[in-house]
Amino acid sequence: MNTSKRFETRSQRPINRETFIHPWPEVGLIVAESPYDPAPGLVIEKGVVVEMDGVARADFDMLDVFIAEHSLDLDVAAEAMATPSLDIARMLVDINVSRDEVLRLTRGCTAAKLVDIVRYMNVLEMMMGLTKLRARRAPANQAHVTNRAEHPTLLAADAAEAALRGFAEVETTVGVSRYAPLNALAILVGSQTGRAGVLTQCAVEEATNLRLGIRGLTTYSETLSVYGTERAFVDGDDTPWSKAFLNAAYASRGVKTRFTSGTGSEALMGHAEGKSMLYLEARCLLVTRGAGSQGTQNGSISCIALPESLPGGVRAVLAENLIAMMLGLEVAAGNDALASHSEMRKSAKLMLQFIPGTDFVTSGYGAIPRYDNMFGGGNFDTTELDDWYVIQRDMQVDGGIHPVKEEAILHVRERAARAIQAIFDAFDFAQISDAEVQAAITAYSSRDMPDRDRISDLKAAQLLLNGPITVLEVIRVLEETGHHDIAANLLELQRQRATGDYLQPSGIFDKDFTVLSALTTPNNYTGPGTGYRVEGERWERLQDIPQAWDPKAWRREKEKSIPGGEESSENQHTGASAHYVSRSWLHEIGPAPIGVETEVVVAVGPAFGIAIEETIGGLDLREVLAEVLSGIAEEGVPARVVRVYHTSDCAFIGHAGAQLSGSGVAIGMQSKGTTVIHQRDLAPLENLELFSMAPNMDLTTYRQIGRNAARYAQHKPTVPVPVKIDNTARLRLIVQTTLLHRQETEMVEAGKEPTELRLSDVVGNVFLPGSSAQFPKTSP
């Protein structure tokens, strides 16, 4: 049996390392529209829900009871349920319908109704919905900061860097649960070193998490998981009411909370009850709203590979983000767990939240290497930050972070490492050595860090959790050891916890502790020209990626090496070649006549050897021309060199030379190295051979071009010159190509006839053949 090598090659692609299955609704392996999903419905009698989505009150499970009692706005429910789902779907994308009006209706919708609304929407329409329904005006981002060694110095330095890069929240977790207090302390101190007001949390068991918050070591929590079926809740040893109580406990201590849910969790736990993943997630989101949480972390999160194995899985994840926004919740939109082996697929999924913007574009961007990411490896890591910055710059989109120069990163990492060193010393924890500090400043991963006494660190962690030390003692140490600004930031963070303003929906802080939330900076998008726009100072900052360079400076540097070059740039479009002629190794000897004998004319551009002395590939034009002339001479054919002034186009330079050549054959050369072999009777844009990839050409190639041109002039059979193909050259060098071509174009003199050139016999150590040889006869 024949097999296709193309199919074989594709089978090895990263995408084919993933699992794809057909739906199996009975066990919940279906993302939407399960045949077992209920139809929307709601019956209210005397202010009491007696039937919801086809289930009578007597048959309610505990989620139904909780949703009916706490999650639905019964004042608008009848109107909402009577409004056709298609009409509400259209309201989501209609710029003439406000966000407030949409939310007024959706707060009266049951889970089945919410799913029925998004059923009518494609991914583009859902993205439009996200743009309008996001709670906070501007999007933000969250970072993951962890390491396998649970090294406190590295955690502090990494948190400081993440904060400086603009992450509004920093989350850590543990490999060994007893490390939680130290990890929480390290990222708290590090984050406030990088930027004031960054919120932090340590993802651990909920009781421990609450204790960390009480001691002032965390400022938000998103570990409150909810599920879409009763049996899944029971397996999690929880109820909707216990989650609501825990949410209130956090809020009473000034700790911001968001619940966590996502498509696929119930199927993974074996308790999907035949319902679709999206329907069960809608139930989770109604529980989240009813429990009083200001927001949710959803987007399938750690289950992402499960919906992605099914048709429409990524669309369903986007739909769950949208449903959360329809309920007025802050949305941390996933994109944290590894979503695909395929870079194309991973990026495509990200764009669904990245382009419209969510409250947090990711639920945790890996601000550390994937090796150190204790949240399952992470979807993106520190090596991909430049990619993220460039995409923001490409699209003029705010993905929640901004570029930072290396020296600023090194500075803030050292300050954070020194701060945590001072705290450990003051509390008599296991010493953090200067070697550890220095390693943390420049480390790539925890592999670069010295080993620590882990037993002593674990003792310190338990003392921090159970003993007398609180964040106030940490602040006192920082103040006494000269870390005044970090101490001030930590103290203000505790004051903000007491006032509680940042507990508002979608609340974060800017750098001066101003609360940015759905109340203080609401999303006011109503179509083009409204809402959040990447402009002004923010746009300037997103543009300024470290690897961007100034083309004007590049041009100036090129001109510095050429006498008269700098003044020529001030005399553009005025026959600028006059400013260079006095030092050129190419001397004009008069108008170029038409040849009458077999020869090859080498026609060069206006800037050749004058304003431009190297090809784009870095070859000296003197050496290039020497090789071309040597190749022609090897075939026993004389050559002339002429300069073409009226054009900078390679094809037309070559065509002009061919009109002057006695054989009708010429070589045309742009100053950046692009070359053509032309013939008189061809149209200007035709040729005998074209060498467009100048960066890939070496001196041997130019010599062979000369030989081939001479053979064409003698009408000999000629094998084209082999050309190295590099399809990445355009990506790397198109700007330099543009600048060099512009420089040549500035020297064009319309109407000026070609001139013949005489070459110096020796320029440096380069012999120029033909410079003193017998030139062919030309017409009078």
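Structure: above.
In this text the structure is predicted, and so the values were computed from the model without any measurement.

## What about the overall build of the chain?
Point 1. Along its length, the chain carries 30 helices and 22 strands.
Point 2. Here the C-alpha radius of gyration of the chain, 35 Å, is well above what a compact globule of 780 residues would show, namely 28 Å.
Point 3. Judged by the C-alpha coordinates and their principal axes, the chain covers about 110 × 65 × 55 Å.
Point 4. By the burial criterion, 58% of the 780 residues in the chain qualify as buried.
Point 5. Within the chain, contacts between residues separated by at least 24 positions form 75% of all contacts whose residues are at least 6 apart in sequence.
Point 6. Counting only carbon and sulfur atoms, one obtains 53% of the accessible surface of the chain, whose full area is about 32,000 Å².

## Some words on the sheet that holds strand β2 (residues 48-52)
Point 1. With antiparallel pairing, 3 strands are arranged side by side in an open sheet as β1-β2-β3. Whereas interior strands pair on both sides, the edge strands pair on one side only; in this sheet they are β1 (42-45) and β3 (55-56).
Point 2. When β2 meets β3, the two strands line up antiparallel, connected through 2 bridges. The partner of methionine 52 across the bridge, within β3, is valine 55.

## Quick look at helix α12 (residues 240-252)
Point 1. Taking 1.5 Å per residue, 13 residues should reach 18 Å; α12 reaches 18 Å between its end C-alpha atoms and fits that length.
Point 2. Within α12, burial applies to Pro240, Lys243, Ala244, Leu246, Asn247, Ala249 and Tyr250.
Point 3. In this structure, the buried residues of α12 make contact with α2 (62-71), α10 (206-214), β7 (220-225), α11 (230-235), β8 (256-260) and α14 (277-290).
Point 4. Looking one or two residues past α12, glycine 254 carries a phi angle of roughly 70°, positive in sign.

## Section: the sheet that holds strand β20 (residues 755-759)
Point 1. With respect to topology, 7 strands assemble into an open sheet ordered β14-β20-β16-β15-β17-β18-β19, the strand pairing being mixed. Two strands bound the open sheet, and with one partner strand each, they are β14 (586-591) and β19 (689-691). Between one strand axis and the next, the sheet turns through 30° on average, direction left out of account.
Point 2. As judged from the 5 bridges shared by β14 and β20, these two strands associate in the antiparallel manner. Note on β20: the bridge partner recorded for glycine 590 is glutamate 756.
Point 3. Packing of helix α29 (residues 699-713) onto the sheet brings it into contact with β15 (600-604), β17 (665-669), β18 (675-679) and β19, and relative to β17 it is tilted by some 155°.

## Considering unusual backbone geometry
Point 1. Non-glycine residue aspartate 53 carries a positive phi angle of around 50°.
Point 2. The residue aspartate 53 is located in the loop between β2 and β3 in this model.

## Structural notes on the layout of surface pockets
Point 1. There is about 760 Å³ of room inside the largest pocket.
Point 2. Lining the largest pocket are 25 residues, and of these Arg195, Asp510, Lys511, Leu516 and Arg538 lie nearest its centre.
Point 3. Of all the elements in the fold, those that place two or more residues in the lining of the largest pocket are α8 (152-164), β12 (508-509) and α24 (536-543).
Point 4. It is α24 that contributes the most residues to the lining of the largest pocket, 3 residues altogether.
Point 5. Along the lines of polarity and charge, the residues of the lining of the largest pocket split into 11 nonpolar, 4 polar and 10 charged.

## Focus: the pairing of β18
Point 1. By the criterion of burial, β18 is predominantly enclosed, with 4 of the 5 residues buried.
Point 2. Where β17 meets β18, 5 bridges bridge the pair, whose relative direction is antiparallel. Bridged to valine 665 within β18 is glutamine 679.
Point 3. Where β17 folds back on β18, the antiparallel hairpin that results is connected by 5 residues, among which glycine 673 adopts a positive phi of roughly 110°.
Point 4. Two strands pair when backbone bridges link them, and β18 and β19 are joined in this way by 3 bridges, in the antiparallel orientation. Note that in β19 the partner of valine 676 across the bridge is leucine 690.

## Here's the deal with the packing of aromatic side chains
Point 1. In total, this model carries 13 aromatic pairs according to the counting rule given.
Point 2. With centroids separated by 5.7 Å and ring planes inclined at 85°, the aromatic side chains of tyrosine 227 and phenylalanine 233 adopt a geometry described as edge-to-face.
Point 3. The class for phenylalanine 233 is buried, based on a relative accessible area of 0%.
Point 4. Arranged with centres 5.1 Å apart and planes meeting at 40°, the rings of tyrosine 502 and phenylalanine 509 form a pair that is tilted. Phenylalanine 509 carries the same exposure label as tyrosine 502, and that label is buried.
Point 5. One aromatic cluster is present, built from ring pairs that chain together Phe167, Phe354, Tyr365, Phe380 and Trp388.
Point 6. Sitting above the plane of the phenylalanine 7 ring, arginine 10 keeps its charged end 4.6 Å from the centroid.
Point 7. Just above the ring of tyrosine 371 sits the side chain of arginine 447; from NZ or CZ to the centre is 3.6 Å.

## Concerning the pattern of salt bridges
Point 1. The full count for this structure, using the stated rule, is 44 salt bridges.
Point 2. Its salt-bridge partner being arginine 413, residue glutamate 161 comes within 2.7 Å of it at the nearest N-O pair. Note that glutamate 161 is positioned in helix α8 and arginine 413 in helix α19 (residues 406-426), a separation of 252 residues in sequence.
Point 3. Overall, arginine 413 belongs to the buried group, its relative accessible area being 2%.
Point 4. Between glutamate 384 and lysine 346 there is a salt bridge, with the nearest N and O atoms lying 2.9 Å from each other. Taken together, the positions of glutamate 384 in the loop between β11 (365-366) and α18 (385-395) and lysine 346 in helix α17 (residues 343-354) put the pair 38 residues apart, joining distant regions of the chain.
Point 5. Residue class for glutamate 384 comes out buried when judged on its relative accessible area of 14%.

## Focus on α14
Point 1. The end-to-end C-alpha distance of α14 is 20 Å, a good match for the 20 Å that 14 residues give at a rise of 1.5 Å each.
Point 2. Burial runs high along α14: 13 of the 14 residues are buried.
Point 3. The positive-phi residue at the C-terminal boundary of α14 is glycine 292, with phi of around 90°.

## Description of the packing of α8 against helix α9 (residues 180-194)
Angle between the axes and distance between the axes: these two values describe a pair of packed helices.
Point 1. Direction vectors running N to C along α8 and α9 enclose 35°, while the axes themselves pass 7 Å from each other. The two elements α8 and α9 cross, and the hand of that crossing is right-handed. Touching Pro152, Leu155, Ala156, Ala159, Ala160, Ala163 and Leu164 of α8 are Asn183, Ala186, Ile187, Gly190, Ser191, Thr193 and Gly194, all from α9.
Point 2. When its residues are assigned to classes, the contact of α8 with α9 shows 9 nonpolar, 5 polar and no charged.

## Digging into the packing of helix α7 (residues 123-133) against helix α16 (residues 313-326)
Point 1. Following both chains from N to C, one finds α7 and α16 inclined at 30°, their axes separated by 10 Å at the closest point. In terms of their interaxial angle, α7 and α16 are classed as roughly parallel. Remark: the crossing between α7 and α16 carries left-handed chirality. Contacts between α7 and α16 involve Val123, Met126, Met127, Gly129, Leu130 and Leu133 from the first element and Arg315, Leu318, Ala319, Asn321, Leu322, Met325 and Met326 from the second.
Point 2. The class makeup of the residues in the contact of α7 with α16 is 10 nonpolar, 2 polar and 1 charged.

## Examining the side chain of serine 506
Point 1. Tracing the sequence through the fold places serine 506 in the loop between α23 (484-499) and β12.
Point 2. Judged by its relative accessible area of 0%, serine 506 falls in the buried class.
Point 3. The contacts of serine 506, once residues within four sequence positions are left out, are Ala135, Arg136, Lys256, Gln294, Glu330, Asp359, Leu516, Ser517 and Ala518.

## Considerations on a nonpolar patch on the surface
Point 1. On the surface, Val123, Leu124 and Met128 cluster together into a nonpolar patch covering about 250 Å² of accessible area.
Point 2. If you trace the backbone, leucine 124 turns up in helix α7.
Point 3. Residue classification places leucine 124 among the exposed residues on the basis of a relative accessible area of 53%.

About the criteria used
In this numbering scheme, every chain counts its residues from 1 along its sequence in written order. Residues qualify for local features only when their pLDDT is at least 70, as the model is predicted, and side-chain atom pairs are given and counted only at 80 or more; totals for whole chains, interfaces and linings, by contrast, use all residues. For the side-chain quantities, the full set of heavy atoms in the structure was used; hydrogens and water were omitted. Helix and strand definitions here come from DSSP, where helices need a minimum of 4 consecutive H or I residues and strands a minimum of 2 consecutive E residues; each element is numbered from the N-terminal end. The atom set for the radius of gyration is the C-alpha atoms, and the globule formula is 2.2 Å times the number of residues raised to the power 0.38. Each residue gets one of three labels from its accessible area relative to the maximum for its type: buried under 20%, exposed over 50%, partly exposed in between, using a 1.4 Å probe on protein chains only. By the convention used here, residues are in contact when the closest approach between their heavy atoms is within 4.5 Å. Here the accessible surface of atoms and residues is derived via Shrake-Rupley with a 1.4 Å probe, and residues count as covered only by protein chains that are part of the display. Note: two strands are recorded as paired if DSSP finds a minimum of 2 bridges between them. In this analysis, the expected span of each helix is defined as 1.5 Å times one less than the number of residues it contains. Angles here are taken between N-to-C directions and fall from 0 to 180 degrees, while the axes themselves are lines fitted to C-alpha atoms, restricted in helices to the stretch in contact. Cavities and pockets are defined on a 1 Å grid built over the protein atoms alone: a cavity is a set of grid points where a 1.4 Å probe fits but cannot escape, while a pocket is an open set with protein on both sides within 12 Å along at least five of seven lines, and lining residues are those with an atom within 4 Å of any such point. Grid points are joined across faces, edges and corners, and a volume is the space filled by probe spheres set on the points. Under this grouping Gly is polar, as are all residues other than the nonpolar Ala, Val, Leu, Ile, Met, Phe, Trp, Tyr, Cys and Pro and the charged Asp, Glu, Lys and Arg. Here is the rule: rings of Phe, Tyr and Trp (six-membered ring for Trp) pair when centre to centre is within 6.5 Å. Planes less than 30 degrees apart are stacked, more than 60 are edge-to-face, and the remainder are tilted. Cation placement over rings: the criterion is NZ of Lys or CZ of Arg within 6 Å of the ring centroid and within 35° of the ring normal. Whenever a carboxyl oxygen of Asp or Glu lies within 4 Å of a side-chain nitrogen of Lys or Arg, that contact is scored as a salt bridge. Each helix crossing is assigned a hand: it is left-handed if the near helix lies turned anticlockwise from the far helix by less than a right angle, otherwise right-handed if that turn is clockwise. Small angles under 35 degrees read as roughly parallel and large ones over 145 as roughly antiparallel, with 65 to 115 read as roughly perpendicular and the rest as oblique. Patch building starts from residues that exceed 30% relative accessible area and form no salt bridge, then joins like charges within 9 Å and nonpolar side chains (Val, Leu, Ile, Met, Phe, Trp, Tyr) within 5 Å.

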